[in-house]
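Below, each chain spelled out in residue letters.
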Amino acid sequence: MAHQIQCILCSFPYTGPLAHLPLLEEYHLLPIDGDDGREELLQALSRQGKCAYLETNYFGGPGTQIAETWENGERTMGPLISYDGLDNKTNQPELTVVEAAINQVLRAMGIQGQGGKDEFDTLGLGRFRSNRKVLEAIRDQG
């Protein structure tokens, strides 16, 4: 089964014009499309509090995850990448290869796994297998 999302996670209640979904505590999820303007958006949002970029690309089990954190207009961690079940890892010198990239970033943002779940599932991100599913959840809450 596929899992492919690109989103920004804010550690504060987002009140701007972009589509967003409240999650655990005051965290808000903003689905984004592609890389255009991503760094500028992260830079601007991170002036209000910690933010993270989260990306998953899984198809039938194997895949990758990329994550980074931002605060005060600066990248503070990453970008990190994890390869799960892939033998030929692409050479991307701008990325640091780690285990569980997204969970590492979520921990850096103050999220702790609860009830036997990792940080990803504690936050409820496992419910969304695509940005389309995040947007559906946003529509359903409205």
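Here, the structure is the one placed above.
The structure contained in this document is the topic of the report that follows. Given the structure is predicted, the values throughout are model-derived calculations rather than measurements.

### Focus on the side chain of Thr-122
- In this structure, Thr-122 sits in helix 3 (residues 119-122).
- The exposure class of Thr-122 is buried, given its relative accessible area of 13%.
- A distance of 2.8 Å separates a polar atom in the side chain of Thr-122 from the backbone oxygen of Asp-118.
- Those residues in contact with Thr-122 that sit more than four places away from it in its chain are Leu-24, Gln-112, Gly-113, Gln-114 and Lys-117.

### Observations concerning helix 2 (residues 101-108)
- Residues Ala-101, Ile-102, Asn-103, Val-105 and Leu-106 constitute the buried set of helix 2.
- On its buried side, helix 2 packs onto strand 1 (3-10), strand 4 (51-58), strand 5 (63-71), strand 6 (74-84) and helix 3.
- Positive phi shows up at Gly-110, right after helix 2, with a value of about 100°.

### Notes on the pattern of salt bridges
- Taken as a whole and assessed by the stated rule, the structure comprises 5 salt bridges.
- Ionic pairing is found between Glu-136 and Arg-132, a salt bridge with its closest N-O pair at 2.7 Å. Remark: Arg-132 and Glu-136 occur in helix 4 (residues 131-141); sequence separation between them is 4 residues, near one turn of the helix.
- With its nearest N and O atoms 3.6 Å apart, the salt bridge here joins Lys-133 to Glu-136. Residue Lys-133 and its partner Glu-136 are both found in helix 4; the two are separated by 3 residues, about one turn of the helix.
- Classification of Glu-136 as partly exposed rests on a relative accessible area of 25%.

### Side note on helix 4
- Buried residues of helix 4: Asn-131, Val-134, Ala-137 and Ile-138, and no others. Along helix 4, the residues classed as buried sweep out an arc of 115° about the axis, all on the same side. Exposed residues lying more than 90 degrees from the buried face of helix 4 are Arg-132, Arg-139 and Asp-140.
- On the buried face of helix 4, the contacting elements are strand 1, strand 2 (21-22) and strand 3 (28-31).

### Side note on the sheet that holds strand 4
- Across the sheet, 7 strands lie side by side as 2-3-1-4-5-6-7; this open sheet has mixed pairing. In this open sheet, the two strands that pair with only one neighbour each are strand 2 and strand 7 (96-97).
- Where strand 1 meets strand 3, 4 bridges bridge the pair, whose relative direction is antiparallel. Bridged to Cys-7 within strand 3 is Pro-31.
- Here helix 2 sits on the sheet and contacts strand 1, strand 4, strand 5 and strand 6; the angle it forms with strand 5, its principal contact strand, is near 20°.
- Here helix 4 sits on the sheet in contact with strand 1, strand 2 and strand 3, set at roughly 125° to strand 3.

Rules used in this analysis
Residues numbered from 1 in each chain as written. Predicted model: local features only at pLDDT ≥ 70, side-chain atom pairs only at ≥ 80, totals over all residues. Heavy atoms only, no water. Helix = DSSP H or I, 4+ residues; strand = E, 2+ residues; numbered from the N terminus. Buried < 20%, exposed > 50% of the residue type's maximum accessible area, 1.4 Å probe, protein only. Polar contact = N/O pair within 3.5 Å; in protein donor to acceptor, adjacent residues only side chain to side chain. Contact = heavy atoms within 4.5 Å. Salt bridge = Lys/Arg side-chain N within 4 Å of Asp/Glu carboxyl O. Arc of directions from axis to C-beta. Pairing = 2+ DSSP bridges. Axes fitted to C-alpha atoms, helices over the stretch in contact; angles between N-to-C directions.

These values are about where atoms sit, not about what they do.
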